[in-house]
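# An overview of the molecular structure
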Amino acid sequence: DALARRLFAGSPATTRVLRLSQRRPSDETPEPSLQQCLRANKRKRPDVRRRHIPSSPTLILDGPGLRDNFYLNVVDWAATNIVAVGLEGVCYLYHPRAGLVQPVAQAAGGDEGGYVTSVGFRRDGVRLAVGSSGGKVELVDAQETTAHISSLGGGGEGRASSLSWGGPHELAAGFAGGAVAIFDVRRRGGAACTLPAHRGEVCGLRFAPDGVAQLASGSNDHTVRVCDVRSPRTARLELTAHSAAVKALDFCPWRRHCLATGGGTTDGSIRIWDTGAAAERELQSVATGSQVSGVRWSVARRELVTSHGFSSMNSTSNSVRLWRPNLLPVAQLTGHRGRVLHLAVSPDGGTALSAGSDETLRFWKISSIGGAGGGGGGGG
C-alpha cells in the first residue's frame, strides 16, 4: 500500500526492518551446557535436569531504529500470533509463521521528529493501539492494516509511554508527566477518566485478567499503584518496596490478585504481590543483580520470564531469565550485545521475544509445550 511504498523506498536502514540478521544464532556465543544456564540451587530437581532449553535464539531479526530508552514499551505479541514493533517513527507488524512485515502506523500522524513510544494489542489481537512522543494514541485494525480507526486525544503531559487494554473498549495509557488516562475507545475526544497521577513517568501499565477489576501502574517515582477501575479516583494499593523505576509488571493469568514487578538499575529485584490484600503484601522476592526491563508470565509451564539490562554483575546483564513462581531460577539466556529493553511472550507461552539496544529482536524457545511461537521466515 501507499504507506509501505513510502516507508520502504530506497533507505538502506528501512530495508533491514525485521529482516533476518546477518549474524546467525550459532555464531553469537558458544553454547553453554544446561548446567551453566541454571543458577545455583541447593535442592535437587530432576525434572529441571531433564529439560533442555536451547541457549541460542531460534531467530534473530534486525530492528534498525529501536530506541535505547528504558521507559518506552514498543514490543507486543498478540493473541493472534502477530508481533508489533515500534522502530523510530513507524509501527510494524511481523507475522512469525509467514515472515511477513507490514508498516501499519506512523507516530503522531507522521509529525516530523515524532517517534513510537508504546504499542499494545487488545486481548483478542484485532485492535492495536500505538502511542507517540507527541502524547497521542492511534488505533488501527491489526487485521485490515490499511484501516485507521481513530486518534485518541492526549490524556496527560508528555509522551504516551505505556498502554494496556482492559475490556474490548477500555484502553489505559500512561504518560511522561505521571498521568494515567482510561479511554472508552468508542468515544471521540479525551479520556473517560484520569487516575491519580504518579510523581514520575508512567513506564509500566497492566490490567488484571478478566474478572479482576484492577489496573497496575509502575513509574519512575519507584512506586506501583493498583487501582480498582470501578472506582479509580483513589489508588487501592501503593507498593513502595522498589528503589528504582518500575517498568516491568504483569498479572498472573492463572492466579487471581497475583502481580509480578521488577525494578530498575539501582533496585534489580523481582517481587510478587497479593493485590487482593487490604494493605501492601509481598509474597516472594529475589535480587537479580541487574536492571529488570520486562516481566511476563508464561502459561506453557506456569513460569515467570524476565528481561535484564544494566548490571553490577556482568554474568546477569543483557539477558532473558526464567523462574519458577516461587522465584527459584530455571535458566538464563544470553546473546544480546546491549541491554535488553523489551520482552514479550508468545500466546502459547512457548517462545520469548527480547528486543535490545543492539537493535536486534531475538526469539527464544523456552518450552516445547507451546508450538505456535516465533519460527517462520525473516521478512517479506
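Coordinates for the structure precede this section.
Described below are features of the structure shown in this document. The residue count restarts for each chain, going from 1 along the sequence in the order it is written. pLDDT decides what is reported in this predicted model: residues at 70 or higher carry local features, side-chain atom pairs at 80 or more are listed and counted, and totals for whole chains, interfaces and linings draw on all residues regardless. The side-chain values count all of the structure's non-hydrogen atoms but skip hydrogen atoms and water molecules.

### Re the sheet that holds strand E26 (residues 340-345)
A pair of strands is treated as paired once DSSP finds two or more bridges between them. Comment: elements are numbered from the N terminus, with helices defined as DSSP H or I runs of at least four residues and strands as E runs of at least two. Strand order in the open sheet formed by four strands is E1-E28-E27-E26, with antiparallel pairing between adjacent strands. The open sheet terminates on both sides in strands that have one partner only, identified here as strand E1 (59-62) and E26. Here the strands of the sheet are splayed against their neighbours by 20° on average, with no regard to which way each runs. Sheet topology places E1 next to strand E28 (residues 360-365); four bridges connect them, and they run antiparallel. Residue pairing in the sheet places Leu61 in a bridge with Leu361 of E28. Only the contacting stretch of a helix is used when fitting its axis, a line to C-alpha atoms as for every element, and angles between N-to-C directions run 0 to 180 degrees.

### Topic: the pattern of salt bridges
For salt bridges, the criterion is a side-chain nitrogen of Lys or Arg within 4 Å of an Asp or Glu carboxyl oxygen. Counted under the stated rule, the structure contains 14 salt bridges. Here Arg206 ties to Asp250 by a salt bridge, and the two come within 2.8 Å at their closest N and O atoms. Here Arg206 is found in strand E14 (residues 202-207), whereas its partner Asp250 is found in strand E18 (residues 248-251), with 44 residues between them in sequence.

### A look at the nonpolar core
We define the nonpolar core as a collection of buried residues of types Ala, Val, Leu, Ile, Met, Phe, Trp, Tyr and Cys that are connected through side-chain atoms lying within 4.5 Å of one another. Only protein chains enter the accessibility calculation, which uses a 1.4 Å probe. A residue is then buried if its area is under 20% of the maximum for its type, exposed if over 50%, and partly exposed in between. Membership of the largest hydrophobic core comes to 37 residues, with the highest contact counts inside it found for Leu18, Cys91, Leu93, Tyr94, Phe121, Leu128 and Leu353. Once residues within four sequence positions are removed from consideration, Phe121 is found in contact with Asp76, Trp77, Ala78, Ile82, Val83, Ala84, Leu93, Arg127, Leu128, Ala142 and Trp165. Ranked by size, the runner-up nonpolar core spans 13 residues in total, among them Ala129, Leu171, Ala173 and Val185. Residue contacts are counted whenever heavy atoms from the two residues lie within 4.5 Å of one another.

### Structural notes on the packing of aromatic side chains
Only centres within 6.5 Å qualify two rings of Phe, Tyr or Trp (six-membered ring in Trp) as a pair; their planes then separate them into stacked at under 30 degrees, edge-to-face at over 60, and tilted for everything else. Taken as a whole and judged by the stated rule, the model has four aromatic pairs. On the numbers, 6.0 Å between centres and 50° between planes, the contact of Tyr94 with Phe363 is tilted. A residue pair is termed long-range when its members are at least 10 positions apart, and Tyr94 in strand E4 (residues 90-95) and Phe363 in strand E28 qualify at 269 residues. There is no split in this pair, since Tyr94 and Phe363 are both buried. Note on Trp254 and Trp297: the rings are 5.4 Å apart at their centroids and 80° apart in plane angle, and the pair reads as edge-to-face. Residue Trp254 is found in the loop between E18 and strand E19 (258-262), and its partner Trp297 is found in strand E22 (residues 290-298); the two are separated by 43 residues along the sequence. Look at Trp254 and you get partly exposed, because its relative accessible area is 28%.

### Remarks on the sheet that holds E22
Reading across from one edge, E22-E23-E24-E25 is the order of the four strands in this open sheet, with antiparallel pairing throughout. Two strands in the sheet have a free side with no partner beyond their single neighbour: E22 and strand E25 (329-334). Strand-to-strand twist across the sheet, computed as the mean angle between neighbouring axes with direction ignored, equals 20°. Note that E22 and strand E23 (residues 303-311) share seven bridges and pair antiparallel. Residue pairing in the sheet places Val292 in a bridge with His308 of E23.

### Focus: the side chain of Thr261
Residue placement: Thr261 occurs in strand E19. Given a relative accessible area of 0%, Thr261 falls into the buried group. The definition of a polar contact used here is a pair of N or O atoms within 3.5 Å, where within protein one atom must be able to donate a hydrogen and the other to accept one, and adjacent residues in sequence count solely through side-chain atom pairs. Here the side chain of Thr261 touches Trp273 through a polar contact of 2.9 Å, side chain to side chain. Setting aside residues up to four positions removed in sequence, Thr261 forms contacts with Val224, His242, Val246, Ala248, Leu249, Ser269, Ile270, Arg271, Trp273 and Val295.

### A short note on unusual backbone geometry
One non-glycine residue, Arg302, adopts positive backbone phi at about 55°. Position of Arg302 relative to the elements: it lies in the loop between E22 and E23. Backbone geometry places Glu359, a non-glycine residue, at a positive phi of 60°. Topologically, Glu359 is positioned in the loop between strand E27 (351-356) and E28.

### A short note on the environment of Ala277
Tracing the backbone through its elements, the reader meets Ala277 in the loop between strand E20 (269-274) and strand E21 (282-287). We classify Ala277 as buried; its relative accessible area is 13%. Here the alpha-carbon distance between Ala277 and Leu237, two residues 40 residues apart in the chain, equals 8.8 Å. Those residues in contact with Ala277 that sit more than four places away from it in its chain are Arg236 and Leu237.

All quantities given are derived from atomic positions and should not be read as evidence of function.
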